[in-house]
Structures are given as C-alpha cells and as structure tokens.
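# Close look at the chain arrangement
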Amino acid sequence: KQWYQRRVPITAGIDKAVLLANLLDHTISWLGEVPAGLKLNNELVQFLGLFFSYHIHLFKGYLDLISGYMPCILYTISLTCIPGITCFLSYTLSFSIILLLHVHCFYAYACNLYSAQLKALVSLGRLFAGVKYNPLRSRVDSVKTHGDQLILGTLLFSTLLFLFPTTLLYYCVFTLVNLALVLVQMCIVTAISVIRTCPIRDLVKVVSRDSDVMCDVMIQPLSGCHGDEGAGYQGNDGSESADGSPGNHGNVFIVTAVYKTLVSCLKRTSLGNHKLSLTKVKSKCLKGDVIKISF
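The shown structure was predicted, so the numbers you read here are calculated from the model rather than taken from an experiment.

### Brief notes about the overall build of the chain
- A count of helices and strands for the chain gives 11 helices and four strands.
- Counting the 295 residues in the chain, one finds 28% classified as buried.
- Taking the intrachain contacts of the chain between residues at least 6 apart in sequence as the baseline, contacts between residues at least 24 apart amount to 70%.
- Accessible area for the chain stands at about 19,100 Å²; split by element, carbon and sulfur atoms hold 65% of it.

Pasting the structure below:
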C-alpha cells in the first residue's frame, strides 16, 4: 500500500471530479448572464443558478470527505486487475458513476422540469382548441370550456411559454453533458461484454496460423475437366497460388474470420440488447424522458 501511495497521487481522481465541478459552476455562471445574446427570464435564471450552484457546493464537500479514503480506494481498484481486465473495468465504471453522480442529478432535475412544463403547455394548448386528453381511453376528446377557464388557461399558458426558453436552455446543456457521459459508459460496458464473449484464445490461434485451427489445402482438378494446367497448391499462409505466384487467400480468410467473430460478439453484448438507436434518443430528448442504460 505504501509503495502504491508513493507512485499514485493521493488526490488522483478527485482532481478530475473537482475540475468537472468547476467547469459546471462556470457554465452555470455563464448561463446566468446573457448566453449567446439570448434574453432569458432573470428570476428563473437566478433561482436555477442558486439551486445548481448549491448542489455543486455540496458535491465539493462530498469530495473533500472521501479524499482521505482515496489511497485505499485506488489501491483496491488496482488489486482488481488480478482477477482480470473485466473486473478492473467494472470497478472503474462503478467508481466513475459515483464520482459523476451530481451530473446525472442535474440532468434528472432539468429533465423533470422540462417534461412537466412541456406537458402543461400541451394540455393548455388543447384547452384553447376545446379538446382534452382522455387517459381512460387513450384518446383526445372534445370538451366544453367556460370563460373563466379560458382566462385562467391563458394566464398559465402565457407564463409557462415565457419561462420555457430558460428551461429549454438548461435542459439542452445538461442533456449534452449527460449524453457524453452515457456514451463513455456505453463504450466501457461494450468493452467488458466483448472481452467476456469473444473467444480471444481461438482468435490468437487464427491470427498466428496455429495448426489446430488452420491446415494446408491441396486443390486437384477432376479428370476430364478443363483447365488442368491451373491446378495448384494453397498453403495455410497463402504463400503460393495456382500459377506459383504469392497468394493472399489465407490472409483474406483470417481477416474474414476475425471480423465475423467480432461482429457476432458485438451482437451478443449488452449494447446490442439495449438497441439504443439515434431515433429513440431523439424521441426521448424531445419528450423529456430520462436517457439511461441499465448495466
């Protein structure tokens, strides 16, 4: 443990998390001004800025609390390399999720606020058209509205409409940050799944042209067939073709075998089971649904 502490900084990992927290703090301060010349609601911007800044302050206190245990944590994670690389990647993924918990919380807050405001605007918009959504029959039915209902709906719709650009800006910022983190986590999970399902030993044998998986092939023409002079020999290294010149059939076979094996492993990974396509991501972003991947 002492040998590890002399070679790894005590604050390794904490500095990166503090740097990310400072970047988020600067981003929130930038959103509190006039970002890109956009005219936002000052009161809502001030409220959201104080809300997120306070959570960043709490997260920095959390980092200060666990900074004393970082040598033990990093030493434990380094020991996970002994069982295998997949165990090390799994512990690293879990530790990174804990360190970046505040980013996911910010995204969840902005997502719920955006979703609630969007649903309210859609419902109030239907009020002006004289219709409403019927959850029992999952359809839109007509409804009679009174004057006081229209006046109240107009006031609420105008208020939410003017506050919507501010909410949309915060939602877009935290959605982009969360998508970047989700992409990194998906890459780590995919690497773990590929390592677990991929027959690495057999692939090494194929690439090294081991005799257990590859052998010489002798091609001889049938009697009476045309092109008897084209008979030749193809070895397992593709060194000679029918006319005596170097061939590359063996190399093509190796590349094809490795490619098909990797594609088959990717289809069996957790990433292939989730089927998180760009269409689904776009639909979730527009509706305000939380984008997450179950590991």
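Additional details are given in the paragraphs that follow.
### A closer look at the packing of helix α3 (residues 42-66) against helix α7 (residues 147-197)
- Between α3 and α7, the least distance of the axes is 10 Å, while the angle of their chain directions is 30°. Classified by the angle between their axes, α3 and α7 sit roughly parallel to one another. For α3 against α7, the interelement crossing comes out right-handed. Of α7, the residues touching α3 (which contributes Leu44, Val45, Leu48, Gly49 and Phe52) are Leu163, Thr166, Thr167, Tyr170 and Phe174.
- Classifying every residue of the contact of α3 with α7 by side-chain character gives seven nonpolar, three polar and no charged.

### What about α7?
- Its 51 residues give α7 an end-to-end C-alpha distance of only 65 Å, which falls more than 12% under 75 Å, the value for a rise of 1.5 Å per residue.
- Along α7, the helix axis deviates most sharply at phenylalanine 164, where the bend reaches about 40°; the proline proline 165 sits within four residues downstream.

### Quick notes on the pairing of strand β2 (residues 139-142)
- Strand direction decides the pairing type here: strand β1 (residues 131-134) and β2, joined by four bridges, are antiparallel. By the bridge assignment for β2, tyrosine 133 is matched with valine 140.
- Counting the residues between successive antiparallel strands, the hairpin from β1 to β2 contains four residues, one of them, serine 138, with a positive phi of roughly 55°.

### Quick notes on the side chain of histidine 102
- Tracing the chain through its elements places histidine 102 in helix α6 (residues 101-129).
- Residue histidine 102 is classed as buried on the basis of its relative accessible area of 5%.
- Not counting the four nearest positions on each side in its chain, histidine 102 is found in contact with Ala21, Leu24 and Phe59.

### Focus: the packing of aromatic side chains
- According to the stated counting rule, one finds 12 aromatic pairs in the structure shown.
- On the basis of an interplanar angle of 5° and a centroid distance of 4.2 Å, the ring pair of tyrosine 114 and tyrosine 171 is categorised as stacked. Residue tyrosine 114 is located in helix α6, and its partner tyrosine 171 is located in helix α7; the two are separated by 57 residues in the primary sequence.
- Overall, tyrosine 171 belongs to the buried group, its relative accessible area being 3%.
- One aromatic cluster in this structure is built from Phe47, Phe51, Phe52, Phe106, Tyr109, Tyr170 and Phe174.

### Considering the confidence of the model for the chain
- Scored by pLDDT, the chain has a mean of 75; 71% of the residues are at 70 or more.
- Predicted confidence in the chain is weakest over strand β4 (residues 232-234), with a mean pLDDT of 45, and strongest over α6, with 88.
- Every residue in residues 1-7 scores below 50 in pLDDT, and together they form seven contacts with partners more than four places removed in sequence or on other chains.
- In this model, residues 227-247 is a region of pLDDT below 50 whose contacts with residues beyond four sequence positions or in other chains number 40 contacts.

Rules used in this analysis
Residues numbered from 1 in each chain as written. Predicted model: local features only at pLDDT ≥ 70, side-chain atom pairs only at ≥ 80, totals over all residues. Heavy atoms only, no water. Helix = DSSP H or I, 4+ residues; strand = E, 2+ residues; numbered from the N terminus. Buried < 20%, exposed > 50% of the residue type's maximum accessible area, 1.4 Å probe, protein only. Contact = heavy atoms within 4.5 Å. Areas by Shrake-Rupley, 256 points an atom, 1.4 Å probe, with all protein chains shown as cover. Axes fitted to C-alpha atoms, helices over the stretch in contact; angles between N-to-C directions. Parallel < 35°, antiparallel > 145°, perpendicular 65-115°, else oblique. Left-handed = near helix turned anticlockwise from the far one by under 90°. Nonpolar A, V, L, I, M, F, W, Y, C, P; charged D, E, K, R; others polar. Expected span 1.5 Å × (residues − 1). Bend = angle between axes of the 7 residues up to and from the residue. Pairing = 2+ DSSP bridges. Phe/Tyr/Trp six-rings, centres within 6.5 Å; stacked < 30°, edge-to-face > 60°. pLDDT = per-residue confidence, 0-100.

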